[in-house]
Each structure stands twice: as structure tokens, then as C-alpha cells.
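# Structural overview
Single-letter residue listing:
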There are 2 protein chains.
Amino acid sequence: MTTISDVARLAEVSVATVSRYLNESGYVGAKSRQSIETAIKELNYVPSEVARSLSTKQSDIIGLIIPDIKNPFFPELARAVEDTAFEYGYTVILCNSDENPTKEKHYLQKLTKKYVAGIILTTILEQESHWKDVKLPIVALDRPIDSDVPTVTTNNQKGAKLATDFLIACGATNLLCISGPEAFVSSQSRVEGFQTASRKKNITTHIIESAYDFDIAEKIIYDYLKNNPSVDGIFACSDASAIGALKAAHRLGIRVPEDMQIVGFDGIQVGNVVTPSLTTVAQNIYQLGQTAAKLLIKQIEGQKLTNESICIDPELIIRETTRKERFE
Amino acid sequence: MTTISDVARLAEVSVATVSRYLNESGYVGAKSRQSIETAIKELNYVPSEVARSLSTKQSDIIGLIIPDIKNPFFPELARAVEDTAFEYGYTVILCNSDENPTKEKHYLQKLTKKYVAGIILTTILEQESHWKDVKLPIVALDRPIDSDVPTVTTNNQKGAKLATDFLIACGATNLLCISGPEAFVSSQSRVEGFQTASRKKNITTHIIESAYDFDIAEKIIYDYLKNNPSVDGIFACSDASAIGALKAAHRLGIRVPEDMQIVGFDGIQVGNVVTPSLTTVAQNIYQLGQTAAKLLIKQIEGQKLTNESICIDPELIIRETTRKERFE
DNA sequence: TTGTATGCGTTATCAG
DNA sequence: CTGATAACGCATACAA
């Protein structure tokens, strides 16, 4: 590994000058510049980011802590973060927390040790606050953690309202809402949206809870529908549950969308590949990640944007599990 | 940020002793140990990995270069790598190359600058060899890059043979193979497996190529099937193409599996959620990632295992796009 | 068993 | 415009 002093020696200047050249800080004469450039080429020199990091106490690494990259919601998010990081010259470390406080804490510490420039955090742990110890720039993604921390989320309530209104417009009157785990603020907001939209004449509502998981949701919904065959519309707080609902309906011989309509939430790819394809409230996942990354980088590069929070509108994507045409 | 000398001062020992304590290298007396421990607690000291890295020229960061985390094959792979890294105390930097040589080269260099401990690489660029410049430990994943480099792959040929044999056993006689891009060695192997298995009496075969992409595959296959309605069995070299085939068949009014059977390759989650669910040759994706990570870490921690390559057997998962029962 | 001194590759300060 | 030189935080050879 060739170092800055090798370059300096070959170029017959001092390391200081080379450093200045490298960072475009301070002056460096024309001939110095020349010889430095050729020396660098000659030696195939690549500066050590580690040494630079030690000296400046900064780095170009961003930590991304998410529950699980296998969860279909996160690959696109991660990709957006990585793309944006790449664009601004940063690099991202991927951490899967499994919603596990211990693991999360571990990563937080590990990232701190590495002088990472900042952290993007997707966590449900509102009350816990290990993240308060870290002095680094943080952005909360998808799930707010504290009013102090800049946050990027989807407008969940609005999305849920969109879905429910649509379900009703399509003729559903007996609505079942599949909420997510109680700990998810996002799920709560979706349920609220559902409730305000369904508070109408002639609309019956039920709410049950399920994990955001195909199989678990399928079982729960299967049992529920067996005992409540009059349900004719489902708003699921996640596409995973929506697909579970679809399967449950299939097993029960309930035709979708003829006998029962379904609207999901998230906009993950699978929704489009399932049969019938899923009508859903799509979060703008890519934009979510991109915005979070940009917000973080802004912070890293100086600005102190406390309290800045961004809420992104989701979009209703009408596919085959609803039958709007009948009512238009 | 508190440093090792803060600890030394408070514990009234030298930094060397603290360092020894930290790394469990060399001796450190009982009372020294005591005071150091309390000092560390007291100060909430966390060693700087950057400084350590500079000093030792090592790090605990692993670079993972994949084409695109959004591609449904990679999240599980990434997760496996990350889990294994975590287990051994490493951390992973995620890089999406988009199969783009320039981007790939960029990442390779960037990772080198960071003194990463090693790199796991999924690339198709056999002939290109920017990776030869990097002296770091490397493991090729999913796609071999050179006989010098330890490689972890699925036994593609065997898997393809498995699929094709099964298709024939299920009564298909007019077989269409959807290959992947020519540049993928893995795809080539699968096609070979298909060919050796279908070289039998009374079996007709066709081979067409498609990108590993739902929509592209759907179009290509739709066109092909329209002109070749006698095809009664499809072996797709990826689940993505298989699902494309499913959709194409659906649009053409071809019933699956009654009129035509389909077997995919990969074993990604969507295959199980599509209707009818996809019979496929499932790669052991998690094991693939895990093995690669372990191999890399072995290398990092001393061993020079050149030429060590591991080939993992895939498994046929029988679901609803085939109709074995008729022939058992 | 412990401490001193030096190096790791850069940045940055401060005289020239 | 340029060059010594002191940090940065830690590891380690060498002394003690």
C-alpha cells in the first residue's frame, strides 16, 4: 500500500502539499500539481480513508438499521438509501435489528465506534432511547421515534382513508380492518384513518390484529371470516396481511372481488404478481429512503435541522381485488 | 469522545496496559485489571475502531457487492451474509453494482480505501478482472469469476436436470426452456442440465432467452407460446421468468398445470404466493450466503484457501404448476 | 507485569 | 505558495 509520503517523495514536494492537492484546500503551485499528479498515477496511489477518518474524526459511512432486509418492504428502501448515499459519496453499512433492542443497541454502539457520519434508523422502540446516547446525526425512517429526531414517514392516516373510502365507494358495507402489531405507530395511524373513513351510515366495521406476515395473517383471517361470512370488504394495514386475506378467501371459496373486496397497504412488488392482483395503497418507498438519506446528509454536512419531519403521501393503486367499475 | 489515555490516566496505568487489557494480549496484573475496568465503566469508554484499524491495517468490515438488493434473490442472501458477519463480529457494507463494471470498480476501490477485511462479490464479469488488483480476500458468490477465487455456487446443472426430469415424469413431452442472459454462467449451466435431461425419445425441446424479469419474460413467452401452442412444459431458469410464463399462459387461456406445466428456478418467496403456486428448484439461498461469509472470514483470519470452491445442491419444491399425481 | 517510545497515513497549524 | 511538525487514538517492540 503506497502512502501520501511516497507520493510526496516521488513528486519532490512535501506531504502537506500533496494533502492540500488531494483536498483542494489551500494553494498548490502549477508545477507541484503536475508532478503530484504524475506521481499519483505512477504509484497508483489511493488515499487511506481510515487515516483520514482518524485525523478528521469524520467518515463517509452511513449506518442503516432496519428490522430485516428480507421483509419485502426494505430492499427498495435500502436501495434508495444506498443510491442516494452513492450519489453524495457515502457508503452504507447494513444492519438487521430484528426489532431486537439488544441487537439494535449493539449496532448503535458499533457504528459509533466506527465514526460513522450518521445513522438512519427504522425502529419501533418509542420508549426506549438508546439512540439518545449517540451524538451522531440521526434520521428516523418509516416510524417516528422522537419529536427531536427528523423523521420521514408515509402519511398513513391519509392512505388508510383513501383505501377505506374507495372500498365503500365500491359498494362494500361490512368492513374488516386488519391492523398491524400495536407497537407500530404506523399501524395505529392506519387504523385511525380507517375509522374516520368508515364512520358513516350503513357501514359496519370490525378490527382484528395480525402480524405483517403472509401465513400468520392467513390463519387469523381464515378463522375470522369463517365466523363472519358477511364481511364484504377488507382493508389490510399491510400487503402481507392483504395477501393472507386473499389466500384465506380462496380457501373459503369466497370470490374476490365479487363476494369480497380487498385493499392492502405498502405497495410491495408481490402485490402485483398475485392473482387477482392486489389493489393497494402504495407507499412511495423509494422516495422515503431517498428523502431520509438526503435529510441525513444535510445534517452531516452541517445543518442542524432538528424538528424537521417529512410526510410523504401514498397513492391508491387500483388493481383486481376491488371492483370500482360497478359504481362509477 | 473519551480515549484510551483518559482511561489510562484515571486507572493510573499506562495506555499500553489498557491496550493489553482490551486486546487480551500480554499480561496485565489483577489490580491493574480492576482499576481499568472501573475506569472504563466510569468514562463510558468505547475504543475507536478507526484508530485501531490504522494501527493494525485491519478492520472488521466486509464488503458485499451484489447487482441489486431489489432483485428478490438478494435480500435473503444479504441477510445470510450479515447474520454470519454479525456472529463473527464483522459488519457489512452493502454495494449495488447494477452489473455495471464502472460502478463495480468504483466500489472495489472504495472498499480497498477503507481497509475492509474482505469482499464478497456477485458479478458476471468473467473476462474483466478489476478484482485482480485488489489484494484483499475475496469470495465469489453465485457466479464464479476465476478459478483462483474461492467460489460458492448452487449446483445449477443438477437442479436443472431435477426440474426437467420431473417435468417429463409428469407427462410433458414438448418442452420449452427459458434461459437467462448469455453472460450468466449459472444460466448456461441450467440450460445444459435441461439439455442432458431432455435428450430422450419423444421429447421435443425449444430454448429461448429472457432477462430475469417478470414483465420482459411475460412478453417474450407470450409471443412464443402464441406461435407454439403445442408446448406442454416449461422449465424457466429463474422464478421471475417462470412467473412471467404463468402470466403469459393466463392471458392466452392456457390452463396451468392442466394444459401446460411450469417449473422455475431460484426459490424466491413470491413463487409461493402466486396462483397457482410455483413448482421450482429452490436454491438454498441462505446457506449460499452463509457459506460465502464463513469462507471469507476463514480467509481473513489467516487461511489461504485458494481453489476452495463449494457447490450447494438445490432442492425441488413441488407445488401447483405441475401435476405429478397423475403419474405417480 | 508494566511503561516508554514509535509508527500507522492524514490533516491542519504555523512559520517560512 | 510550501514545508516542518504536531495531533488523531491505538498497538506493539523493546526496556525496565
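Residues numbered from 1 in each chain as written. Chains lettered and ligands numbered in written order. Predicted model: local features only at pLDDT ≥ 70, side-chain atom pairs only at ≥ 80, totals over all residues. Heavy atoms only, no water.

Moving on, we get to the protein's contact with DNA strand D. Close contacts around DNA strand D come from 26 residues, with R20, G29 and S32 of chain A together with I4 and Y45 of chain B the closest. Counting only the atoms of DNA strand D that lie within 4 Å of the protein, the sugar and phosphate share comes to 66%. Interatomic distance of 2.9 Å between a side-chain N/O atom of S19 of chain B and a phosphate oxygen of DNA strand D. Interatomic distance of 2.5 Å between a side-chain N/O atom of Y45 of chain B and a phosphate oxygen of DNA strand D. Within the residue set of the surface near DNA strand D, elements represented by two or more residues are α2 (15-23) and α4 (49-56) of chain A together with α2 (15-23) and α4 (49-56) of chain B. (Near = heavy atom within 4 Å. Polar contact = N/O pair within 3.5 Å; in protein donor to acceptor, adjacent residues only side chain to side chain. Helix = DSSP H or I, 4+ residues; strand = E, 2+ residues; numbered from the N terminus.)

Quick look at the sheet that holds strand β2 (residues 91-96) of chain B now. Spatially, β11(A)-β5(A)-β4(A)-β3(A)-β1(A)-β2(A)-β2(B)-β1(B)-β3(B)-β4(B)-β5(B)-β11(B) is the arrangement adopted by the 12 strands of the open sheet, whose pairing is mixed. Each edge of the open sheet carries a strand with a single partner, namely β11 (309-312) of chain A together with β11 (309-312) of chain B. With strand direction ignored, the average angle separating the axes of adjacent strands in the sheet is 20°. The pairing of strand β3 (residues 118-121) of chain A with strand β4 (residues 138-141) of chain A spans 3 bridges and is classified as parallel. By the bridge assignment for β4 of chain A, I119 of chain A is matched with I138 of chain A. (Pairing = 2+ DSSP bridges. Axes fitted to C-alpha atoms, helices over the stretch in contact; angles between N-to-C directions.)

Right, let's get into the UniProt feature "domain: HTH lacI-type" (unreviewed entry) in chain A. What UniProt calls "domain: HTH lacI-type" (unreviewed entry) maps, in this numbering, to residues 2-56 of chain A. Within the segment residues 2-56 of chain A, helix and strand shares are 71% and 0% respectively, and the terminal C-alpha atoms sit 20 Å apart. (UniProt positions renumbered as here; feature names shortened; annotations may be inferred.)

Bringing the nonpolar core into the picture now. Core analysis: the largest hydrophobic core is formed by 105 residues, its most contacted members being I234 of chain A together with I234 of chain B. If we skip the residues at most four places from it in the chain, I234 of chain B touches L167, L176, I178, I221, L225, A245, M260, Q261, I262 and V263 of chain B. Formed by 30 residues, the second largest nonpolar core is a distinct cluster that contains I65 of chain A together with I65, C95 and V149 of chain B. (Core = buried A, V, L, I, M, F, W, Y, C linked by side-chain atoms within 4.5 Å. Buried < 20%, exposed > 50% of the residue type's maximum accessible area, 1.4 Å probe, protein only. Contact = heavy atoms within 4.5 Å.)

Interfaces are often described in size by the accessible area the parts lose on coming together. Under the domain assignment, chain A is made up of domain 1 (4-56), domain 2 (61-154 + 285-313) and domain 3 (156-283 + 316-327). Taking the mean C-alpha position of each, domain 1 of chain A and domain 2 of chain A sit 34 Å from one another. (Domains from an automatic or database assignment.)

Next up on the list: the relation of the copies chain A and chain B. In screw terms, the move from chain A to chain B is a rotation of 180° and a rise of 0.0 Å along the axis, fitting with an RMSD of 0.1 Å. A rotation of that kind, with that shift, is consistent with a two-fold axis. (Least-squares fit on C-alpha atoms with pLDDT ≥ 70 in both.)

Residues and elements named next belong to chain B. Among the 6 residues of strand β1 (residues 61-66), 6 are classified as buried, and the element is accordingly described as predominantly covered. By the alternation rule, side chains of β1 split into I61, G63 and I65 and I62, L64 and I66, which are all buried. Bridge count between β1 and β2: 6 bridges; the pairing is parallel. Following the sheet pairing, G63 is matched in β2 by I93.

Another aspect to go through is unusual backbone geometry. Look at the link from V256 of chain A to P257 of chain A: it is a cis peptide, with omega at 10°. Structurally, the position occupied by P257 of chain A is in the loop between α10 (239-252) and β9 (261-266). In this structure, E24 of chain B takes a positive phi of about 50° despite not being glycine. Relative to the helices and strands, E24 of chain B is located in the loop between α2 and α3 (30-43). According to the relative accessible area criterion, E24 of chain B is exposed, its value standing at 73%.

Residues and elements named next belong to chain A. Residues G118 and I120 of β3 are buried on one face, and the alternating residues I119 and L121, pointing to the opposite face, are buried as well. Relative to β3, strand β1 (residues 61-66) is paired through 4 bridges, and the arrangement is parallel. Bridging from a neighbouring strand, I65 pairs with L121 of β3.

On to the side chain of T164 of chain B, then. Residue and element names in this part refer to chain B. Here T164 shows up in helix α7 (residues 156-169). Note on T164: relative accessible area 0%, which makes it buried. Among all residues touching T164, those that are not within four sequence positions of it are L175, F194, A197, S198 and F235.

Here we take up the interface of chain A and chain B. The partner chain B presents 46 residues to the 46 residues of chain A that form the contact. Summing both partners gives a buried area of about 4,400 Å² for chain A against chain B, and 63% of it is carried by carbon and sulfur. One can count 14 salt bridges joining chain A with chain B. For D60 of chain B, the salt bridge goes to K114 of chain A, with nearest N and O atoms at 2.5 Å. Put simply, chain A and chain B have 20 residue pairs in polar contact (both at pLDDT 80 or more) between them. Contributing elements (two or more residues each) for the side of chain A that touches chain B: α4, α5 (74-87), β2 (91-96), α6 (101-113) and α10 of chain A. Looking at the side of chain A that touches chain B residue by residue, the class counts come to 22 nonpolar, 10 polar and 14 charged. As defined by bridge partners, β2 of chain A adjoins β2 of chain B across 3 bridges and the pair is classed as antiparallel. Note that in β2 of chain B the partner of V92 of chain A across the bridge is L94 of chain B. (Buried area = accessible area lost by both parts, 1.4 Å probe. Salt bridge = Lys/Arg side-chain N within 4 Å of Asp/Glu carboxyl O. Nonpolar A, V, L, I, M, F, W, Y, C, P; charged D, E, K, R; others polar.)

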